[in-house]
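# Geometric and topological summary
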4 protein chains.
Amino acid sequence: MNKTLMSSSFEKSHCALVFIEFQAEWLNEDGVLFKRLVQDKDTFRSAIAQAELVLASARKNGWIIAHAGLDLRDDPTYSLFGNGQNVLGLRAAIPRAGTWTGSGAEFVPPFVPMPGEFIVHGRSGASVLKNSTLDAFLRNNRIDTLFLMGFATHVCVESTLREAHDIGLNTYVVSDACAAFTRAQDEHFHQHILHHFGAGIDAASLVQQLEK
Amino acid sequence: MNKTLMSSSFEKSHCALVFIEFQAEWLNEDGVLFKRLVQDKDTFRSAIAQAELVLASARKNGWIIAHAGLDLRDDPTYSLFGNGQNVLGLRAAIPRAGTWTGSGAEFVPPFVPMPGEFIVHGRSGASVLKNSTLDAFLRNNRIDTLFLMGFATHVCVESTLREAHDIGLNTYVVSDACAAFTRAQDEHFHQHILHHFGAGIDAASLVQQLEK
Amino acid sequence: MNKTLMSSSFEKSHCALVFIEFQAEWLNEDGVLFKRLVQDKDTFRSAIAQAELVLASARKNGWIIAHAGLDLRDDPTYSLFGNGQNVLGLRAAIPRAGTWTGSGAEFVPPFVPMPGEFIVHGRSGASVLKNSTLDAFLRNNRIDTLFLMGFATHVCVESTLREAHDIGLNTYVVSDACAAFTRAQDEHFHQHILHHFGAGIDAASLVQQLEK
Amino acid sequence: MNKTLMSSSFEKSHCALVFIEFQAEWLNEDGVLFKRLVQDKDTFRSAIAQAELVLASARKNGWIIAHAGLDLRDDPTYSLFGNGQNVLGLRAAIPRAGTWTGSGAEFVPPFVPMPGEFIVHGRSGASVLKNSTLDAFLRNNRIDTLFLMGFATHVCVESTLREAHDIGLNTYVVSDACAAFTRAQDEHFHQHILHHFGAGIDAASLVQQLEK
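The notes below deal with the structure included here. Keep in mind the model is a prediction, meaning the values are calculated, not measured.

### Remarks on the packing of helix 4 (residues 41–61) of chain D against helix 9 (residues 203–211) of chain D
Residue and element names in this part refer to chain D. In contact at an axis separation of 9 Å, helix 4 and helix 9 are set at 5° when each is read in the N-to-C sense. Viewed along their axes, helix 4 and helix 9 adopt a mutual orientation that is roughly parallel. In contact with Gln-50, Leu-53, Val-54, Ser-57, Ala-58, Lys-60 and Asn-61 of helix 4, helix 9 contributes Ala-203, Leu-206, Val-207, Leu-210 and Glu-211. When the residues that make up the contact of helix 4 with helix 9 are grouped by side-chain class, the tally is 7 nonpolar, 3 polar and 2 charged.

Right, dumping it as structure tokens:
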């Protein structure tokens, strides 16, 4: 990566902290996704805790915060995904699992959006930038740098990172505030994928920047 | 236009009827936009009535219906539009008018979405396709033909038509189920603009197709 | 429009001058589009002359220039547009007219791109932003303001303006450096359309800004 | 994955075979990317050979073929990527490596596009769908299913797969006609990533389908 981008501090008005899917499906101990998909559960719980530290610092210091969830509560038959028929990937897997159409779509404290924080709407893909209000929000506010936190690292976080790269944004994945299903998947992502599309920063270093 | 596209009937599973902004800002007699912007009010009321006929027929005959509104009720400061600062166009005009953040964003009967009808989320531009869930819904359901109704013809309907053309959809504007601010603006649109991007159909002809 | 945006001068590094379709189909006296579509030919020729003044000033003063043409010379059967079959609008009209696949796609002096000027690739819609390299270029260079010139005002220039608005850019249409088929179409655009999506500036005022 | 999608045969008119970066940077023994990045060179060479078999069969049997390369030969300073300044990821790495602006951008036989095959323009991201003509081509031709081949599996092929999923396409990655830098990277992709976004098929099975 371009070293100069990291050595300097970040300009507050051009940065957004994006929280991806801090919702009950993942964050509750009985969330469907947490129970079925997450294997290294302690790593996952630790990522939630690190994201909480970042969120608290960002709120205290007035950084721009965006909450990007998935919410299909008004589409119980998954018509958005063709009812899961004749489609491949998550669009079929989500209807099969029955996720995101009920209480699993609720944001979990302290990640419940507060006044003044941006709630992303319209997101339907693995990338939270795809066909959502996030990109218009970024552009209209001259934001060019993202810090991504959330779940799962190698699915939605990575898809967001890849799309952000391709549309011209600089993206930092907050390494220990994201989690994959297994620790090995996280390691693979950081070793083989991340540098092609962005850079990494750990939560402690990020908080240091936010407090400046 | 390609005559063969009109001479044959439309294939139900590949078509969507898109209702644009059938919300209180436009449809209520004291809606801000109806009061301030609409000059030929009878033409406008007539368009609502025609759209109602189409909607009733579509519901009776099981055609695919999508409701594309604008709803900023969780963003009262218009952060999506950079708070209306340093931006041109509707992004500045909407915050100045104070629209879409209150009861004006409510759908008005009979245009309130019913179960099984698709509610578009994430729409933030004049085009209801821009960064919304509509396009994913269309693609996942193999829909390639749109029928547009709503307000205003030369603003959001036309922006949607233009974008639909560019991304590869066939679009019919339901001529008498849309309205501009003035009748002259509608006439200009139909005479000088529409054929570059799609085709027109009147409500009665469309209903005839829906009843087949 | 937001008056403050115009009263101040423009920041060079954040602006791009976009030349739309300064190619032989429009600029040559025997270009197919010039001959068949343009009715007020003197207005059209005058727009070319004004754009030339802007281009000369921009080149002299080092402003960012992008050339957005249409070029289908390697797709003589218009497969990009489904061979013009079963599609509405320009996608059918262009194959019927047989434009953009031959010498009509050549840039015309002095609008031939020079080294250091950006040539937009991949553009296939009426909007030159749609699925082209222009947006990535803008984002990667932190450009947020466009000045549009070219043809035709109410078709490709307007589609670009509308899309630019929706994705979060500020756009100025250089009023006398664009032309529609008729003067009346231009007037309609400036009176009824432009302010919803951007603002206007005339070539002389723009040159004054470029020379600062 | 949805088993029914695989058990049936593919409908020719709705499918496109997409060849990603079969260009000299990767395919020539002295290509910069082949030399610097590819570690398991025999696996890589084998993928080229498998893709060749698929291409020959597709040509013989009249399947739809699209060539998606990267070509920056008219932008030697990488202005598209902000000259590689202040950007993260490939946008900085490509200018540093100096790739795609010279003879490395040439298609290599037999992967040189033939008349009737679609050449994707405007592609600038890791995803060959991002801001290119590919998506308009697909939509205008009612193509909803992709078969991806090329390089590198975990970079551009995977980014394309992920974006294809999010916009509503069904994608098959031709497993042995793609290659990553190492065999382990390929294995990780097939085991941990692919099923979230599409499905796999090997070249022999695909050829069998093409010959039907």
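After that view, the rundown keeps rolling.
### Some remarks on the packing of aromatic side chains
By the definition in use, this model includes 52 aromatic pairs over all chains. On the basis of an interplanar angle of 70° and a centroid distance of 5.0 Å, the ring pair of Phe-10 of chain D and Tyr-172 of chain D is categorised as edge-to-face. Taken together, the positions of Phe-10 of chain D in the loop between helix 1 (3–7) and strand 1 (15–20) and Tyr-172 of chain D in strand 5 (residues 170–179) put the pair 162 residues apart, joining distant regions of the chain. Taken as a pair, Phe-10 of chain D and Tyr-172 of chain D share a single burial class, namely buried. Judged by centre distance (5.5 Å) and plane angle (65°), the rings of Phe-19 of chain D and Phe-22 of chain D are edge-to-face. Assessed through its relative accessible area of 1%, Phe-19 of chain D is described here as buried. Taken together through their ring pairs, the aromatic side chains of Phe-19, Phe-22, Trp-26, Phe-34, Phe-44, Phe-111, Phe-151 and Phe-181 of chain A make up a single cluster. It is Lys-41 of chain A that lies over the ring of Phe-34 of chain A; its NZ or CZ is 4.4 Å from the centre.

### A closer look at the interface of chain C and chain B
Taken together, the contacts link 39 residues of chain C with 38 residues of chain B. Contact with chain B buries area across many residues of chain C, yet Leu-88, Arg-91 and Asp-166 of chain C alone supply 21% of it, more than any other trio. Here chain C is connected to chain B by 4 salt bridges. Of the charged contacts, one joins Lys-130 of chain B and Glu-163 of chain C as a salt bridge, the two residues approaching to 2.6 Å between their closest N and O atoms. Inspection of the chain C/chain B interface yields 30 residue pairs in polar contact (both at pLDDT 80 or more). Mapped onto the side of chain C that touches chain B, the elements with two or more residues apiece are helix 5 (90–97), helix 7 (153–167), strand 5 (170–179) and helix 8 (183–193) of chain C. A per-element tally of the side of chain C that touches chain B places helix 7 of chain C first, with 9 residues. Here the side of chain C that touches chain B is built from residues that sort into 14 nonpolar, 19 polar and 6 charged.

### Considering the pairing of strand 1 (residues 15–20) of chain B
Residue and element names in this part refer to chain B. The element strand 1 is extensively covered by neighbouring structure, given that 6 of its 6 residues are classed as buried. Of the two faces of strand 1, the one lined by Cys-15, Leu-17 and Phe-19 and the one lined by Ala-16, Val-18 and Ile-20 are each fully buried. One ladder, built from 6 bridges, connects strand 1 with strand 4 (residues 145–151); its direction is parallel. Note on strand 4: the bridge partner recorded for Cys-15 is Thr-145.

### Some thoughts on unusual backbone geometry
Residues and elements named next belong to chain A. Phe-151 connects to Ala-152 through a cis peptide bond whose omega is -10°. Relative to the helices and strands, Ala-152 resides in the loop between strand 4 (145–151) and helix 7 (153–167). At Asn-131, a position not held by glycine, the phi torsion is positive, near 55°. Along the chain, Asn-131 turns up in the loop between strand 3 (118–119) and helix 6 (134–140).

### Re helix 5 (residues 90–97) of chain D
Listed as buried for helix 5 of chain D are Leu-90, Arg-91, Ala-92, Ile-94 and Pro-95 of chain D. Close packing links the buried residues of helix 5 of chain D with helix 7 and strand 5 (170–179) of chain A, helix 6 (134–140) of chain C together with helix 7 (153–167) of chain D. Looking one or two places after helix 5 of chain D, you find Gly-98 of chain D, whose phi comes out positive at around 75°.

### Regarding the relation of the copies chain C and chain B
Overlay of chain C on chain B (RMSD 0.0 Å): rotation 180°, translation along the axis 0.0 Å. The operation mapping one copy onto its partner corresponds to a two-fold rotation axis. Looking at the interface residues of chain C, 97% of them are also at the interface in chain B, so both copies use one shared face.

### As for the relation of the copies chain D and chain C
Of the transformation superimposing chain D on chain C, the axial component is 0.0 Å and the angular component is 180°, with the fit at an RMSD of 0.0 Å. With an isologous cut-off of 70% or more, the 100% of interface residues of chain D that recur at the interface of chain C puts this contact in the isologous class.

### Quick word on empty space enclosed by the protein
Within this structure, the stated rule accounts for 6 cavities of 30 Å³ or more. Lys-130 of chain A, Asn-131 of chain B, Asn-131 of chain C together with Lys-130 and Asn-131 of chain D are the residues nearest the centre of the largest cavity, which is lined by 29 residues in total. Those elements that place two or more of their residues in the lining of the largest cavity are helix 6 and helix 7 of chain A, helix 6 (134–140) and helix 7 (153–167) of chain B, helix 6 and helix 7 of chain C together with helix 6 (134–140) and helix 7 of chain D. With 3 residues, helix 6 of chain B is the single largest residue contributor to the lining of the largest cavity. A breakdown of the residues in the lining of the largest cavity according to their chemical character gives 9 nonpolar, 4 polar and 16 charged.

### Things to note about the interface of chain D and chain C
Interfaces are often described in size by the accessible area the parts lose on coming together. Counting residues at the interface gives 24 residues for chain D, matched by 24 residues for chain C. For the chain D and chain C pair, buried surface summed over both sides reaches about 1900 Å², with 47% attributable to carbon and sulfur atoms. In terms of surface lost to chain C, no three residues of chain D exceed Leu-80, Asn-131 and Asn-140 of chain D, which account for 29% of the buried area on that side. Remark: the boundary between chain D and chain C carries 0 salt bridges.

### A closer look at the packing of helix 7 of chain C against helix 8 of chain C
Residues and elements named next belong to chain C. In contact at an axis separation of 11 Å, helix 7 and helix 8 are set at 25° when each is read in the N-to-C sense. Classified by the interaxial angle, the pair formed by helix 7 and helix 8 is roughly parallel. The chirality of how helix 7 crosses helix 8 is right-handed. Each of Thr-153, His-154, Glu-158, Leu-161 and Arg-162 in helix 7 lies in contact with helix 8, whose residues at this interface are Gln-185, Asp-186, Phe-189 and Ile-193.

### Details of the sheet that holds strand 3 of chain A
With respect to topology, 6 strands assemble into an open sheet ordered 3-2-1-4-5-6 (chain A), the strand pairing being parallel. The sheet is open, and its two edges are formed by strand 3 and strand 6 (199–201) of chain A, each paired on a single side.

### Remarks on the pattern of salt bridges
The tally for this structure, following the rule as stated, stands at 48 salt bridges over all chains. Glu-158 of chain D is paired through a salt bridge with Arg-162 of chain A; the nearest N and O atoms lie 3.1 Å apart. In this pair, Glu-158 of chain D sits in helix 7 while Arg-162 of chain A sits in helix 7, so the two residues belong to two different chains. Across the pair, exposure class does not vary: Glu-158 of chain D and Arg-162 of chain A are buried alike.

Rules of the game
- Residues numbered from 1 in each chain as written.
- Chains lettered and ligands numbered in written order.
- Predicted model: local features only at pLDDT ≥ 70, side-chain atom pairs only at ≥ 80, totals over all residues.
- Heavy atoms only, no water.
- Axes fitted to C-alpha atoms, helices over the stretch in contact; angles between N-to-C directions.
- Helix = DSSP H or I, 4+ residues; strand = E, 2+ residues; numbered from the N terminus.
- Parallel < 35°, antiparallel > 145°, perpendicular 65-115°, else oblique.
- Contact = heavy atoms within 4.5 Å.
- Nonpolar A, V, L, I, M, F, W, Y, C, P; charged D, E, K, R; others polar.
- Phe/Tyr/Trp six-rings, centres within 6.5 Å; stacked < 30°, edge-to-face > 60°.
- Buried < 20%, exposed > 50% of the residue type's maximum accessible area, 1.4 Å probe, protein only.
- Lys NZ or Arg CZ within 6 Å of the ring centre and 35° of its normal.
- Buried area = accessible area lost by both parts, 1.4 Å probe.
- Salt bridge = Lys/Arg side-chain N within 4 Å of Asp/Glu carboxyl O.
- Polar contact = N/O pair within 3.5 Å; in protein donor to acceptor, adjacent residues only side chain to side chain.
- Pairing = 2+ DSSP bridges.
- Least-squares fit on C-alpha atoms with pLDDT ≥ 70 in both.
- 1 Å grid on protein atoms, 1.4 Å probe; cavity = no way out; pocket = protein on both sides within 12 Å on 5 of 7 lines; lining within 4 Å.
- Points joined across faces, edges and corners; volume = space filled by probe spheres on them.
- Left-handed = near helix turned anticlockwise from the far one by under 90°.

Everything listed here is a matter of coordinates, which is why it stays silent on function.
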